[in-house]
Amino acid sequence: MIRKGELKVGDKLPKEADLAREIGVGRSSLREGMKILAAYGVVEPRQGEGTFIVDNTAQCISEFMGFFPDKENLDNFIELRRVIEVGNIISIYNQLDPVTIKTLEKTVAALKEDRSVDDYVAADMEFHSILLSYTGNPMLRQINIMIEAMRKDLLYRLFCHREILEDAYTAHTEILAALKAQDFNGCVAAVVGHIDTTKDHTRKIAREYR
């Protein structure tokens, strides 16, 4: 029903007895199936409300595979970002529309303004999410969701340091300038430079991880 689009994210499932009857299975079998779907992040039981369709599959898989924001995963995470973001910028470097460019400009400007760390983290994540979602590739979107928790945790640790935040502003400014110019080589170089700098900063703050 989900695959056919009959059930969408946010929809509430029918009562257990009604759903079991509709599917044609016993209630005990239905409960077991629901436990599996909940573990996969497809449904979410809510106390006193019922069971709802959700889209938490990527997070559940990431946690199941042990991809937690810890010291051991940092280098692997950065290199995964390199593969994803360089590949993505190659696909979109000359495709962005003026409205998207304007939105990116706002996120970059936020990194220079006097704001909270929460705002800086949100701006950085929005910038990269916009770029990674631009192709409309659902698989790329799910991969981005998988690494979202690790990205956010790392950004909070990085942006506590003023010099790192300033480097982030410079890097995002360079990426944006290359995108505006539709400069293929400039885009790739800017993203690679950003990842390299982030990797250096990450190694410096690695001792903060326990």
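Here the structure is a predicted model, which is why all the values come from computation and not from measurement.

1. With respect to the side chain of His-172
Part 1: Tracing the backbone shows His-172 in helix 9 (residues 162–181).
Part 2: Exposure remark for His-172: the relative accessible area of 1% places this residue in the buried category.
Part 3: Here the side chain of His-172 touches His-128 through a polar contact of 3.0 Å, side chain to side chain.
Part 4: Apart from the residues within four sequence positions on either side, His-172 is in contact with Val-108, Leu-111, Asp-124, Phe-127, His-128 and His-194.

2. Details of helix 8 (residues 148–158)
Part 1: What helix 8 keeps buried is the set Met-150, Arg-151, Leu-154, Leu-155 and Leu-158. Each buried residue of helix 8 sits inside an arc of 130° when the element is viewed along its axis, so together they form one side.
Part 2: Summarising the contacts, the buried residues of helix 8 are in contact with helix 4 (74–92), helix 6 (117–133), helix 7 (138–146), helix 9 and helix 10 (184–204).

3. What about the packing of helix 5 (residues 98–110) against helix 9?
Part 1: Contact geometry of helix 5 with helix 9 gives a least axis separation of 10 Å together with a crossing angle of 165°. Classified by the interaxial angle, the pair formed by helix 5 and helix 9 is roughly antiparallel. When you trace helix 5 past helix 9, the crossing you get is left-handed. Residues Ile-101, Leu-104, Glu-105 and Val-108 of helix 5 form the contact with helix 9, whose participating residues are Tyr-169, His-172, Thr-173, Leu-176, Leu-179 and Lys-180.
Part 2: Across the contact of helix 5 with helix 9, the residue classes break down as six nonpolar, two polar and two charged.

4. Here's the deal with helix 5
Part 1: A rise of 1.5 Å per residue sets the reference length of helix 5, with its 13 residues, at 18 Å; its end C-alpha atoms lie 19 Å apart and thus fit the reference within 8%.
Part 2: Three or more residues of helix 5 are buried, namely Thr-100, Ile-101, Leu-104, Thr-107, Val-108 and Ala-110.
Part 3: Among the structural elements, helix 6 and helix 9 are those in contact with the buried residues of helix 5.
Part 4: The N-terminus of helix 5 is capped by Asp-97, whose side-chain oxygen sits 3.0 Å from the backbone nitrogen of Val-99.

5. So, the pairing of strand 2 (residues 50–53)
When a strand is regular, its side chains alternate between the sheet's two faces.
Part 1: With four bridges joining them, strand 1 (residues 43–46) and strand 2 adopt antiparallel strand pairing. The partner of Glu-44 across the bridge, within strand 2, is Phe-52.

6. With respect to the environment of Phe-184
Part 1: Relative to the elements of secondary structure, Phe-184 occurs in helix 10.
Part 2: Take Phe-184: its relative accessible area is 35%, and that puts it in the partly exposed class.
Part 3: Excluding residues within four positions of it along the chain, Phe-184 makes contact with Ile-90 and Tyr-93.

7. So, empty space enclosed by the protein
Part 1: Applying the stated rule across the entire model yields three cavities of 30 Å³ or more.
Part 2: Here the largest cavity defines a volume of roughly 120 Å³.
Part 3: Residue lining of the largest cavity: 13 residues in total, with Leu-158, Phe-159, Ala-168, His-194 and Thr-198 positioned closest to the centre.
Part 4: Of all the elements in the fold, those that place two or more residues in the lining of the largest cavity are helix 8, helix 9 and helix 10.
Part 5: The greatest single-element share of the lining of the largest cavity, amounting to four residues, is contributed by helix 10.
Part 6: Lining of the second largest cavity is provided by Glu-85, Asn-88, Ile-89, His-128, Leu-131, Leu-132 and Val-191.
Part 7: Elements represented by at least two residues in the lining of the second largest cavity include exactly helix 4 and helix 6.
Part 8: Per-class residue counts for the lining of the second largest cavity are four nonpolar, two polar and one charged.

Procedures and definitions
Residues numbered from 1 in each chain as written. Predicted model: local features only at pLDDT ≥ 70, side-chain atom pairs only at ≥ 80, totals over all residues. Heavy atoms only, no water. Helix = DSSP H or I, 4+ residues; strand = E, 2+ residues; numbered from the N terminus. Buried < 20%, exposed > 50% of the residue type's maximum accessible area, 1.4 Å probe, protein only. Polar contact = N/O pair within 3.5 Å; in protein donor to acceptor, adjacent residues only side chain to side chain. Contact = heavy atoms within 4.5 Å. Arc of directions from axis to C-beta. Axes fitted to C-alpha atoms, helices over the stretch in contact; angles between N-to-C directions. Parallel < 35°, antiparallel > 145°, perpendicular 65-115°, else oblique. Left-handed = near helix turned anticlockwise from the far one by under 90°. Nonpolar A, V, L, I, M, F, W, Y, C, P; charged D, E, K, R; others polar. Expected span 1.5 Å × (residues − 1). Pairing = 2+ DSSP bridges. 1 Å grid on protein atoms, 1.4 Å probe; cavity = no way out; pocket = protein on both sides within 12 Å on 5 of 7 lines; lining within 4 Å. Points joined across faces, edges and corners; volume = space filled by probe spheres on them.

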